[in-house]
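Commentary on secondary and tertiary structure
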Amino acid sequence: GVVLRGSGPARVHYTTRRAILPRYNRGKPMKADDARLKKAHDEAVAAVNKLNDLIVTVLKYHVHTESVMVELIEAHGETAKETFAEKIEQCEDLNPPEIDAATWTLLRKANRLRNAVAHKIDGPEVKERLQQTRDAYSALSAQAAEDAKTYTEVQLALMAFTHCSSFIVVATENKKEADKKKKP
């Protein structure tokens, strides 16, 4: 709960040290047709629309990638751990030969992008995570580095997750095929 010090109209919030004005002393409520409300609404809609494609792409491909990681883990007879980061570590520890270190690095960066997009929505952390993902994607190959220069944020997110998930799918298929060959 909120801890207050003092009493009467000049109480102070304990942790923020800001004055808490009583309801009757806060001024008149805004009317529904106040121009400031319309402006705030329009700004919120514009901000959400700007981010919508990035958020949807990151979240959808993150979910897909997590599902293919679970399949790889289960193909190795293990139970998937809880978090995405733990699943990355678990998959990497399986050491599938199809997947190189740069792909695991990219997947970790893409996961951090997902966390920033999901929790920070917009701002410096999202921009920083996008750049880190772009750098990790560029480290895959000379062609990837060239391609990454032209990718939009949405394209970058899509390519980062699909690159990683495609390798994981192939590693899973190869494991299942190898296991079939071992059975008489």
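Look up: the structure comes first, before these words.
An account of the accompanying structure is given in this report.

How each quantity is defined
Residues numbered from 1 in each chain as written. Predicted model: local features only at pLDDT ≥ 70, side-chain atom pairs only at ≥ 80, totals over all residues. Heavy atoms only, no water. Helix = DSSP H or I, 4+ residues; strand = E, 2+ residues; numbered from the N terminus. Contact = heavy atoms within 4.5 Å. Areas by Shrake-Rupley, 256 points an atom, 1.4 Å probe, with all protein chains shown as cover. Buried < 20%, exposed > 50% of the residue type's maximum accessible area, 1.4 Å probe, protein only. Arc of directions from axis to C-beta.

Okay, the overall build of the protein next. If you tally the helices and strands in the protein, you get 6 helices and 3 strands. Along the protein, from the amino end to the carboxyl end, the secondary structure elements read β-β-β-α-α-α-α-α-α. Sequence separation of at least 24 residues holds for 49% of the intrachain contacts in the protein that already meet a minimum separation of 6. Only carbon and sulfur atoms are counted for the fraction: they give 54% of the accessible area of the protein, which is about 12,000 Å².

Moving on: helix α2 (residues 84-94). Of the residues making up α2, those classed as buried are F84, K87, I88, Q90, C91 and L94. One face of α2 carries all of its buried residues, which in axial projection span an arc of 165 degrees. The inward-facing, buried residues of α2 contact α1 (35-75), α3 (101-120) and α6 (153-182). In the segment just after α2, N95 is the residue with positive phi, at about 55 degrees.

Remember, this is a structural readout, not a statement about activity or role.
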